[in-house]
Amino acid sequence: SAAITLDPGFTSTGACESKICFIDGEKGILRYRGYPIEQLAEKSDFVEVAWLLLYGELPNADQLKKFRGQLTYHSMIHEDMKKFFEGFPNNAHPMAILSAMVASLSTYYPESETEEHHDENIARLIAKVRTLATYAYKKSIGQPLTYPQNKLRYAENFLHMMFAVPCEEYTVNPIMAKALNMLLILHADHEQNCSTSTVRMVGSSRANIFASISAGICALWGPLHGGANQAVLEMLEMIENDGGDYKKWVQKAKDKDDGFRLMGFGHRVYKNFDPRATILRKMCEEVLAELHIDDPLLQIAENLEKVALEDEYFVSRKLYPNVDFYSGILYRAMGIPTNMFTVMFSIGRLPGWLAHWKELRDEDSRIYRPRQVYTGATERDYVPMENR
Ligand code: CMC
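What counts, and at which threshold
Residues numbered from 1 in each chain as written. Predicted model: local features only at pLDDT ≥ 70, side-chain atom pairs only at ≥ 80, totals over all residues. Heavy atoms only, no water. UniProt positions renumbered as here; feature names shortened; annotations may be inferred. 1 Å grid on protein atoms, 1.4 Å probe; cavity = no way out; pocket = protein on both sides within 12 Å on 5 of 7 lines; lining within 4 Å. Points joined across faces, edges and corners; volume = space filled by probe spheres on them. Helix = DSSP H or I, 4+ residues; strand = E, 2+ residues; numbered from the N terminus. Contact = heavy atoms within 4.5 Å. Polar contact = N/O pair within 3.5 Å; in protein donor to acceptor, adjacent residues only side chain to side chain. Near = heavy atom within 4 Å. Areas by Shrake-Rupley, 256 points an atom, 1.4 Å probe, with all protein chains shown as cover. Nonpolar A, V, L, I, M, F, W, Y, C, P; charged D, E, K, R; others polar. Buried < 20%, exposed > 50% of the residue type's maximum accessible area, 1.4 Å probe, protein only. Pairing = 2+ DSSP bridges. Phe/Tyr/Trp six-rings, centres within 6.5 Å; stacked < 30°, edge-to-face > 60°. Axes fitted to C-alpha atoms, helices over the stretch in contact; angles between N-to-C directions. Parallel < 35°, antiparallel > 145°, perpendicular 65-115°, else oblique. Left-handed = near helix turned anticlockwise from the far one by under 90°.

The name recorded for the chain in an unreviewed UniProt entry is Citrate synthase, from Fuerstiella marisgermanici. Under the UniProt heading Catalytic activity (unreviewed entry), the note attached to the chain is "oxaloacetate + acetyl-CoA + H2O = citrate + CoA + H(+)".

A. Geometry of empty space enclosed by the protein. Enumeration according to the criterion identifies 1 cavity of 30 Å³ or more in this entry. Its boundaries defined by the atoms lining it, the largest cavity holds a volume of some 30 Å³. The wall of the largest cavity is formed by Gly266, His267, Tyr270, Asn272, Phe273, Asp274, Lys318, Tyr320, Pro321 and Asn322.

B. Structural view of the UniProt feature "active site" (unreviewed entry) in the chain. Under the feature "active site" (unreviewed entry), the UniProt entry names His267 and Asp324. These residues run over 58 residues, yet every pair of their C-alpha atoms falls within 10.6 Å of each other. Lining the largest cavity, from the set of annotated residues above, are His267. Inspection of the secondary structure puts His267 in the loop between helix H12 (246-254) and helix H13 (275-290). What His267 contacts, discounting residues up to four positions off in sequence, is His190, Asp274, Arg276 and Asn322. Looking at His267, its side chain comes within polar contact range of the main-chain nitrogen of Tyr270, at 3.2 Å. Position of Asp324 relative to the elements: it lies in helix H16 (residues 323-333).

C. Representation of the site of the ligand. Around the ligand lies a shell of 22 residues, among which His225, Lys256, Arg261, Leu262 and Arg268 are the nearest. With respect to the ligand, the backbone of Leu224 contributes an N or O atom lying 2.9 Å from a nitrogen atom. Measuring from an oxygen atom of the ligand, one finds a side-chain N or O atom of Arg317 at 3.0 Å. Burial of the ligand by the protein chains amounts to 75% of its free accessible area of 930 Å². Across the shell around the ligand, the residue classes break down as 11 nonpolar, 6 polar and 5 charged.

D. Here's a closer look at the pairing of strand S2 (residues 29-32). Of the two faces of S2, only the one carrying Leu30 and Tyr32 is buried; Ile29 and Arg31 on the other face are not. Direction of pairing for strand S1 (residues 21-24) relative to S2: antiparallel, over a ladder of 4 bridges. The partner of Ile23 across the bridge, within S2, is Leu30. Here S1 folds back onto S2 in antiparallel fashion, the turn holding 4 residues, of which Gly28 has a positive phi close to 70 degrees. Here S2 pairs with strand S3 (residues 35-36) via 2 bridges, running antiparallel. Residue pairing across strands places Arg31 opposite Pro36, the latter belonging to S3.

E. A look at the environment of His356. Within the secondary structure, His356 is located in helix H17 (residues 341-362). With relative accessibility at 0%, the residue His356 sits in the buried group. As a C-alpha pair, His356 and Arg200 span 156 residues in sequence and 6.7 Å in three-dimensional space. Leave out the neighbours within four places in its chain, and His356 touches Ser18, Ile20, Asp189, Glu191, Gln192, Thr196 and Arg200. Within the structure, His356 has its side chain in polar contact with the side chain of Gln192 (distance 3.5 Å).

F. Fine view of the packing of aromatic side chains. Under the counting rule described, the total for this entry stands at 11 aromatic pairs. Centre to centre, the rings of Tyr109 and Phe210 are 6.0 Å apart; their planes meet at 25 degrees, and the pair counts as stacked. Placement of the pair is Tyr109 in the loop between helix H5 (94-108) and helix H6 (118-141) and Phe210 in helix H10 (residues 209-221), with a sequence separation of 101 residues. On the numbers, 5.4 Å between centres and 40 degrees between planes, the contact of Tyr331 with Phe341 is tilted. Residue Tyr331 is found in helix H16, and its partner Phe341 is found in helix H17; the two are separated by 10 residues along the sequence. Here the two residues Tyr331 and Phe341 agree in accessibility, since each one is buried.

G. The arrangement of the packing of H13 against helix H14 (residues 296-309) in detail. Two numbers describe how H13 lies on H14: the axes approach to 11 Å, and their chain directions differ by 155 degrees. If you check the angle between H13 and H14, you find them roughly antiparallel. The interaxial crossing formed by H13 with H14 has left-handed handedness. Residues Arg281, Cys284, Glu285 and Leu288 of H13 touch H14, and the partners they reach there are Leu298, Glu302 and Glu305. Grouping the constituent residues of the contact of H13 with H14 by class yields 3 nonpolar, no polar and 4 charged.

H. Expanded view of the sheet that holds S2. Strand order across the open sheet formed by 3 strands is S1-S2-S3, with antiparallel pairing between neighbours. Only two strands of the sheet have a single partner each, and these edge strands are S1 and S3.

As structure tokens, then:
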């Protein structure tokens, strides 16, 4: 139909108005509710940033205390849910488990789908996603599940549930907790990316908050989106095992027949550097030094970046490292296994998804319903089986 403008991949179609996140891809600017990402990463913490994204302002002391209290209050999952984890194969991908568990949460809170419960469900999700994520991990390595501890803050509690075992004392390393806070802040929102648009799309049908977020987790899983962080680490390991011939891998990425892309490179919006990658590269160097970890993959990543950015192919297409390029090296330094990286991204992105879901619901939006340009067969008559 003549009235429909075709925009594959939505490169120039604004699907909504939003007050949450600002990106200037040409200048490499990212702001949450007006605050530059650099300042938030340095000065804030993840729970405060979550509140900012959700409610539009930095919380005052009372608001933050109340929010932290809610996240503590809701941190356990229903005991019956523990049985779900037993049914998955040991090698189940934790993203599959996480999306299934988040959708399942809706069965425990069916009565709370009215607007006055939205804030409570938001806190529930932010609190419980950590518990669900760490249970998926514990199940995969055959360790007993670790309960959250009320005395611990958000990032600390996550590390505790991931790594504590009943037979010994576990003390959270403050360097790791700080690094985790920064990582989660850097992932917390990114306007209308694939998973956030998915959350808004599903939410626009008035599907419940748990179902909408579960859909976002599935969208994030793909290797062109959040799954890239896992793919980057696997790529760096491959390059290491292959003897570190960077030029060869850059050449492979340029070859369109090969199908290989340099994972963690390129971005739909950033045509200059990705400010998150700049922060992460610096963080990687600092945190690894503080933890006295000498990871050869950091050197490999830095060398690969250098070789790629000297190449005309990457320069002319404005392909720079993105958020996923350095994050995996930090997760690895914390002892988080590669197949959990995209789960980490989900925990970080959750407040963003929820803020967009809330914004959409608060404005009483119409259902999302894109149109298409039909290119299929014109009308034709049904052919009986014997004539085909
Ligand atoms: N390696 C090699 N070539 C690339 C790469 C790459 N990583 N990324 C883009 N290109 C090329 C692409 O082949 C195309 O070339 P040509 O113009 O000759 O056909 C050109 O650059 C433009 O690429 P595109 O696929 O049209 O760009 P897009 O905006 O549709 O895709 C992207 C963006 C991020 C999906 C893509 O750059 C990519 O696949 N990167 C690797 C995966 C990745 O790191 N994803 C994480 C994204 S950031 C955070 C997140 O969402 O999780």
